[in-house]
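# Topology and contacts: notes
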Amino acid sequence: MAKFARQAWYMIGWAQELGDGVLARTLLGVPVVVFRDGHGVPHAIHDRCPHRFAPLSTGVRKDDRIMCRYHGLTFDGSGACVENPLGGAVPGVCRVGAYPVAEQDRILWIWMGDPERADPSRIARFPWIDDPALRCVFGYTQVNAHYELLTDNLMDLTHARFLHPGFGGDLYSPRNSVEIDGDSVVSKYIVENIDNPEFPENAWSAHGRKVDLWDDIRWHAPATLSLSSGVVLTGRPRNEGCEIPSAHVITPETADRSHYFWGSALPKDSPLSNGDFTQVLSQAFDTEDKPMIEDVHRRMAGEDFWDLKPLLLRTDNAAVRVRRILHAMIEQEAAGHA
Amino acid sequence: MAKFARQAWYMIGWAQELGDGVLARTLLGVPVVVFRDGHGVPHAIHDRCPHRFAPLSTGVRKDDRIMCRYHGLTFDGSGACVENPLGGAVPGVCRVGAYPVAEQDRILWIWMGDPERADPSRIARFPWIDDPALRCVFGYTQVNAHYELLTDNLMDLTHARFLHPGFGGDLYSPRNSVEIDGDSVVSKYIVENIDNPEFPENAWSAHGRKVDLWDDIRWHAPATLSLSSGVVLTGRPRNEGCEIPSAHVITPETADRSHYFWGSALPKDSPLSNGDFTQVLSQAFDTEDKPMIEDVHRRMAGEDFWDLKPLLLRTDNAAVRVRRILHAMIEQEAAGHA
Amino acid sequence: MAKFARQAWYMIGWAQELGDGVLARTLLGVPVVVFRDGHGVPHAIHDRCPHRFAPLSTGVRKDDRIMCRYHGLTFDGSGACVENPLGGAVPGVCRVGAYPVAEQDRILWIWMGDPERADPSRIARFPWIDDPALRCVFGYTQVNAHYELLTDNLMDLTHARFLHPGFGGDLYSPRNSVEIDGDSVVSKYIVENIDNPEFPENAWSAHGRKVDLWDDIRWHAPATLSLSSGVVLTGRPRNEGCEIPSAHVITPETADRSHYFWGSALPKDSPLSNGDFTQVLSQAFDTEDKPMIEDVHRRMAGEDFWDLKPLLLRTDNAAVRVRRILHAMIEQEAAGHA
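Being a predicted model, the structure only gives us computed values, none of them experimental.

## Details of the overall build of chain A
Within chain A one finds 6 helices and 18 strands. Taken over C-alpha atoms, the radius of gyration comes to 22 Å for chain A, in line with the 20 Å a tight globule of 338 residues would show. Its C-alpha atoms put chain A at 75 × 45 × 35 Å along the principal axes. Out of the 338 residues in chain A, the part that is buried amounts to 57%.

So, in structure tokens, the structure goes:
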């Protein structure tokens, strides 16, 4: 059984993915079905009927309930079986696991640890998602790789130089600093006095002048990352330039497969259309990062990262700190001190 | 190694599947090839040459024999090697396993246990298959699920209410009784005084009057099920209505995959054509039952049924009895008291 | 972990497969990338960056070097990391494994054992590949089977009678003799006084007269086979007929998958075109041998060949001797006496 941090909030998906129906997704190896009750409140329950193990997600929504399509047992959002249409009494033990759910910043979050410890105030925020001065795009990619490999990718943005030509390519040779900020790790990248690369130029033209680029990425355990990227004329303060905030949130599906959710925002008056903005991000994550990360996962052939004795470079500083904090969390949980 | 009851008859396939050629099928994890000798008698032997392990089923039929396509060793229906075309003597030890075969009711049966215990008189009968007053249709489906999940499905027909709208849907809310009859388990379902559902109406019109429906399903170990379904005007004796007999026979291919054979018959004068009759049954088994049963198998993720602590309802009575009888058989065999 | 003979030369591929780019291939379970330096000399290194385990084969070739596409570490053909474009010092421990490579007879060979024991003079030769009087065709097939099953196939050519109708079919009923010649096993097949079968007739017409056929196949450890096939008028010396030399070289990819390289040559004046010659060989290996060998591998279901107690025939003599020599090599290596 793969070891995941359980006492943590994980992203289920974008709120817009759920709508009025059901959303079925395997999270941390557990099949979960999410649906809204009559007040619009989302609920997440184990997607397996306790009777004959049918998926509830292929069942029938009835008001606040979901009815198993195999033999009709009907469950509410608390996981309680509230009806047996075949008329027998409903045994009190008939229920499925339910998980605390939180919805904020247009994101659905789930807590799969001890329910009494679920504290929504600890969820990382993405307030820019609802900022009326911005317009957002969202994406979702499934990656056949261990989720920590996606975090590694994001915590060492120097890979943009080699993998993402549109984001800078050879020009992207940043200075980097790493800070620990409470439970977070923040890695900051600065490139100064270069020609504006293709992507930032399309979002915010420098009209031929030199620019500075910044990328500040903040990791919240277990795998929620908040990135502030930006471009400004060389030497000017950041608030004169263009900031592009983004969310990168990873949830393990299994030890070998991950959900990768990404969202980003532009100022409303940016010349880059939402379609083109989505396309450039999708190109980076789906066709540049994803194949590389899947290759790495295959090359690791199921072995533990540290057992493979990776060569550590200065640029691995942030990613290695993240790995150590996360593994300490998992070990603390295993030891019962979480 | 999956545990199957070995001292039992299993269905290989419909006689019409064999014809003059060979039929290759994996049964209980063992590849078997079946062919007829010059008298039309079917034989089943291990589908693996003892020399270099080639499948004999890709070989060449010569009269009563089958020649391996790799190096020419030729076997008869008893499993004996009767020729080495390359001229060397045929070693006496050169033979493959042979299995007793029986053919009745247009079905080929195999016995993979101790040959001296193979008693064809113990095979369940389907005499209606050769009844000149009826016309039959036959089907075969491979299901990616443990074979007991298919038996479970058939022994609890209340699922028709949720999964098979054409067979009754919400109207199918039957009374059920379960009997043990010798080695068999019989589960009887009765629905009274309803509008005739779509499928029985197409087979036998009630001309707008209310009907009673019955479904009597009988399980013979290990996985041979005989079903009598019928419709009659409410309150009238069954012989005034229309009986639709059917066979549902399941043979494990492996622990994760099953052969599901089904056949059914209508009175010759039924308005339902054989084509439409086949279509409605195939829809039920291939597109309604099969995906559900495969979902259940996946949700069980290789775990034992009882280890998952299934919730037991009154409607599970017949299926649970079947599981207990079958497991007792398997344990008796393992203990050598079979 | 599958046991392979390590102190041996294995074929990587045909020289023409490499060209100016890189060739990525998994050999003995190890991903390897091959590329030429500025002098055209081929180098083979482990296809996994020691930093973050990205495949180097998807990287960028720069002169004599290959740059990892993930974070830019750059390696030369010796496996040494020669540049970190992000500016940090290159740690001395930063290197990947390198393997001795030899190129001769238009074939690339690799040595994955102790480098100091790599002696190119021990590689089997195929001098006919560069014979100006001949014209060659080459092929490559991936086979989902253990590599010894391919050697078995080649060391017992009697299978041609059953599997390859164009090579003789029923006429191919050869006398066979087997010799041990140093480290090699040689198996010789002679068929005398038959009508010329389809394939040799197309390559060299007997104008309706009877012919003798010969096939001398020589095995060099671990899986390099050299075949001299030929046709000549009955009773005449071989040098009056037509000899068709061929190479059959097998390299394990994993324990369940093999690289099968084949090449063959005709006299320049043969009426058979290179296209038709390739087609007839490809038909034999790709559509006749390969499916059979894959069937055998599946039928063996992961079990050891000897554990399955294969029936041994006189015609297995050569293949069994090869298996015994090879297994003795592997055991000697394991015991440290290789």
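Picking up where we left off.
## Brief notes about the interface of chain B and chain C
A common way to report how large an interface is uses the accessible area buried once the components associate. In this complex, chain B contributes 25 residues to the contact, which on the side of chain C involves 27 residues. The contact between chain B and chain C buries some 2,200 Å² in all, and 64% of this surface belongs to carbon and sulfur atoms. The largest share of the area that chain B buries against chain C comes from Arg 52, Phe 53 and Tyr 70 of chain B, three residues that together contribute 35% of it. One can count 3 salt bridges joining chain B with chain C. For Asp 152 of chain C, the salt bridge is made with Arg 52 of chain B, and the minimal N-O distance between the two is 2.6 Å.

## With respect to the relation of the copies chain B and chain C
Laying chain B over chain C is done by rotating through 120° and shifting 0.1 Å along the axis; what remains is an RMSD of 0.0 Å. These values place the two chain copies in the arrangement generated by a three-fold rotation axis. Rotation axis and chain B: the residue whose C-alpha lies nearest the axis is Gly 302 of chain B, separated from it by 12 Å.

## Some remarks on the pairing of strand β13 (residues 175-181) of chain A
Residue and element names in this part refer to chain A. Here β13 pairs with strand β14 (residues 184-195) via 7 bridges, running antiparallel. If you follow Asp 181 over to β14, its bridge partner there is Ser 184. In sequence, β13 turns back onto β14 through a hairpin of 2 residues, with Gly 182 there showing a positive phi of about 65°.

## Considerations on the sheet that holds strand β14 (residues 184-195) of chain B
Across a sheet, paired strands are connected by hydrogen bonds in the backbone, their directions being either parallel or antiparallel. All names here are of chain B. Overall, antiparallel pairing links the 7 strands, which are arranged β12-β18-β17-β16-β15-β14-β13 in an open sheet. Only two strands of the sheet have a single partner each, and these edge strands are β12 (134-143) and β13 (175-181). Across the sheet, the mean angle separating the axes of adjacent strands is 15° when strand polarity is ignored. Its contacts with the sheet put helix α2 (residues 147-155) on β12, β14, β15 (210-220), β16 (224-233), β17 (242-254) and β18 (257-267), and the angle it makes with β17 is roughly 160°. Sitting on the sheet, helix α5 (residues 274-300) touches β12, β17 and β18, and the angle it makes with β12 is about 25°.

## Let's talk about the domain arrangement of chain A
All names here are of chain A. Domain boundaries assigned for chain A yield domain 1 (9-122) and domain 2 (127-335). Taking only C-alpha atoms into account, the centre of domain 1 sits 32 Å from that of domain 2. Taken together, the contact pairs 18 residues of domain 1 with 18 residues of domain 2. Here domain 1 packs against domain 2, burying approximately 1,500 Å² in sum over the two surfaces, 63% of which is carbon and sulfur. Three residues, Tyr 10, Trp 14 and Arg 106, lead the burial of domain 1 against domain 2; their summed loss comes to 38% of the area buried on that side. Where Asp 183 meets Arg 122, a salt bridge forms, and the shortest distance between an N and an O atom there is 3.3 Å. Of all the elements in the fold, those that place two or more residues in the side of domain 1 that touches domain 2 are β1 (9-14), α1 (15-18), β2 (22-27) and β11 (107-111). Ranked by residue count, the leading element in the side of domain 1 that touches domain 2 is β1, at 6 residues.

## As for the sheet that holds strand β11 (residues 107-111) of chain C
All names here are of chain C. Ordered in space as β1-β11-β10, the 3 strands form an open sheet in which the pairing is antiparallel. Both outer strands of the open sheet, β1 (9-14) and β10 (101-104), are each paired with one neighbouring strand and no more. Taken pair by pair, the neighbouring strands of this sheet meet at an average axis angle of 30°, ignoring direction. Pairing between β1 and β11: 5 bridges, direction antiparallel. Each residue of the ladder has a partner; that of Gly 13, found in β11, is Leu 108.

## Quick look at the side chain of Asp 156 of chain C
Examined against the element boundaries, Asp 156 of chain C turns out to sit in the loop between α2 (147-155) and α3 (160-163). Salt bridges are absent for the buried Asp 156 of chain C, whose nearest opposite-charge side chain, Arg 52 of chain B, sits at 6.2 Å. Reaching out from Asp 156 of chain C, the side chain makes a polar contact with the side chain of Thr 158 of chain C at a distance of 2.6 Å. If sequence neighbours within four positions are ignored, Asp 156 of chain C has contacts with His 71 of chain B together with Tyr 189, Thr 315 and Asp 316 of chain C.

## Quick look at the environment of Arg 6 of chain A
All names here are of chain A. Here Arg 6 shows up in the segment before β1. Exposure remark for Arg 6: the relative accessible area of 22% places this residue in the partly exposed category. For the pair Arg 6 and Pro 50, spaced 44 residues apart in sequence, the C-alpha to C-alpha distance is 22 Å.

## Quick notes on the packing of α2 of chain C against helix α6 (residues 317-334) of chain C
Residues and elements named next belong to chain C. Two elements in contact, α2 and α6, have axes separated by 8 Å at closest approach and are oriented at 145°. With respect to the hand of their crossing, α2 and α6 are arranged in right-handed fashion. Judged by residue contacts, Tyr 147, Glu 148, Leu 149, Thr 151, Asp 152 and Met 155 of α2 engage Ala 318, Ala 319, Val 322, Arg 323, Leu 326, His 327 and Ile 330 from α6. When grouped by side-chain class, the residues that make up the contact of α2 with α6 number 8 nonpolar, 2 polar and 3 charged.

## Some thoughts on the pattern of salt bridges
The tally for this structure, following the rule as stated, stands at 63 salt bridges over all chains. The shortest N-O distance in the salt bridge between Asp 130 of chain A and Arg 106 of chain A comes to 3.1 Å. Here Asp 130 of chain A is found in the loop between β11 and β12 (134-143), whereas its partner Arg 106 of chain A is found in the loop between β10 (101-104) and β11, with 24 residues between them in sequence. You can call Asp 130 of chain A partly exposed: its relative accessible area is 47%. Of the residues examined, Arg 106 of chain A reaches a relative accessible area of 38% and is grouped as partly exposed. Shared partners join several salt bridges into a network, and the residues in it are Arg 52 of chain A together with Glu 148, Asp 152, Asp 316 and Arg 323 of chain B.

## A few points about the interface of chain C and chain A
Contacts between the two partners involve 24 residues from chain C and, on the opposite side, 27 residues from chain A. Where chain C abuts chain A, roughly 2,200 Å² becomes buried across the two surfaces, and 64% of that area is made up of carbon and sulfur atoms. Between chain C and chain A we count 3 salt bridges in total.

## Details of the packing of aromatic side chains
Summed over all chains, the structure comprises 33 aromatic pairs over all chains. Aromatic ring contacts, followed pair by pair, group Phe 53 of chain A together with Phe 305 and Trp 306 of chain B into a single cluster. Directly above the aromatic system of Tyr 140 of chain C lies the positively charged group of Arg 25 of chain C, at a separation of 4.3 Å from the ring centroid.

## A short note on the environment of Leu 163 of chain C
Following the sequence through the fold, Leu 163 of chain C ends up in helix α3. On a C-alpha basis, the gap between Leu 163 of chain C and Asp 289 of chain C in space is 7.2 Å, while along the polypeptide they are 126 residues apart. The residues contacting Leu 163 of chain C, other than those within four sequence positions of it, are Arg 69 and Tyr 70 of chain B together with Glu 288, Asp 289 and Met 292 of chain C.

## Side note on the confidence of the model for chain A
Of the residues in chain A, 99% have a pLDDT of 70 or more, and the chain-wide mean is 95. For this predicted complex, the interface confidence comes out at an ipTM of 0.94, alongside a pTM of 0.94.

## Topic: helix α5 (residues 274-300) of chain C
Over its 27 residues, α5 of chain C runs 37 Å from end to end, which matches the ideal 39 Å to within 8%, given 1.5 Å per residue. Backbone geometry just downstream of α5 of chain C places Ala 301 of chain C in the positive-phi region, at approximately 50°.

## Concerning the side chain of Asp 316 of chain C
For Asp 316 of chain C, the position within the fold is in the loop between α5 and α6. We classify Asp 316 of chain C as buried; its relative accessible area is 2%. Within the local environment of Asp 316 of chain C, its side chain forms a polar contact with the side chain of His 51 of chain B, the two groups lying 2.7 Å apart. Aside from chain neighbours lying at most four places away, what touches Asp 316 of chain C is His 51 and Arg 52 of chain B together with Asp 156 and Leu 311 of chain C.

Here is what the cut-offs are and how they apply
Residue numbering note: each chain is counted from 1, following its sequence as written. Working convention: letters from A go to chains and numbers from 1 go to ligands, in the order in which they are written. Two thresholds apply to this predicted model, a pLDDT of at least 70 for residue-level local features and 80 or more for giving and counting side-chain atom pairs, whereas whole-chain, interface and lining totals are computed over all residues. Hydrogen atoms and water are omitted, and side-chain values are computed over all heavy atoms in the structure. In DSSP terms, a helix is any run of H or I states spanning at least four residues, a strand is any run of E spanning at least two, and both are numbered starting from the N terminus. Radius of gyration: C-alpha atoms only; globule rule: 2.2 Å multiplied by the number of residues to the exponent 0.38. For every residue, the accessible area (1.4 Å probe, protein chains only) is compared with the maximum for its type, and the residue is labelled buried under 20%, exposed over 50%, or partly exposed between those bounds. Whether two residues are in contact is decided by their heavy atoms, any of which lying within 4.5 Å being enough. Accessible area that two parts lose when put together, evaluated with a 1.4 Å probe and summed over both, is termed the buried area. Salt bridges are defined as contacts in which a side-chain nitrogen from Lys or Arg sits within 4 Å of a carboxyl oxygen from Asp or Glu. Least-squares superposition of the copies uses the C-alpha atoms of those residues scoring a pLDDT of at least 70 in each of them. Only strands joined by at least two bridges in the DSSP assignment are considered to pair. Lines fitted to C-alpha atoms define the axes here, with helix axes fitted over just the stretch in contact, and angles between the N-to-C directions of these axes take values from 0 to 180 degrees. Each domain span listed reflects an automatic or database assignment of domains. Residues scored as positive are Lys and Arg, those scored as negative are Asp and Glu, and His as well as the terminal groups of each chain are ignored. Throughout this description, a polar contact denotes any pair of N or O atoms lying within 3.5 Å of each other; where both atoms belong to protein, one of them has to be capable of donating a hydrogen while the other can accept it, and for residues adjacent in sequence the pair is counted only when both atoms sit in side chains. The crossing is said to be left-handed when, going from far helix to near helix, the turn is anticlockwise and less than a right angle, and right-handed when the turn is clockwise. For this classification, the nonpolar set comprises Ala, Val, Leu, Ile, Met, Phe, Trp, Tyr, Cys and Pro, the charged set comprises Asp, Glu, Lys and Arg, and every other residue, Gly included, is treated as polar. By convention, a stacked pair of Phe, Tyr or Trp rings (six-membered ring in the case of Trp) has centres within 6.5 Å and planes under 30 degrees apart, an edge-to-face pair has planes over 60 apart, and any other such pair is tilted. A ring is considered to have a charge above it if a Lys NZ or an Arg CZ atom is located within 6 Å of its centre and within 35 degrees of its normal. Each residue carries a pLDDT score, the predictor's own confidence in it, on a scale running from 0 to 100. In this scheme, a helix's expected span is set at 1.5 Å multiplied by one less than its residue total.

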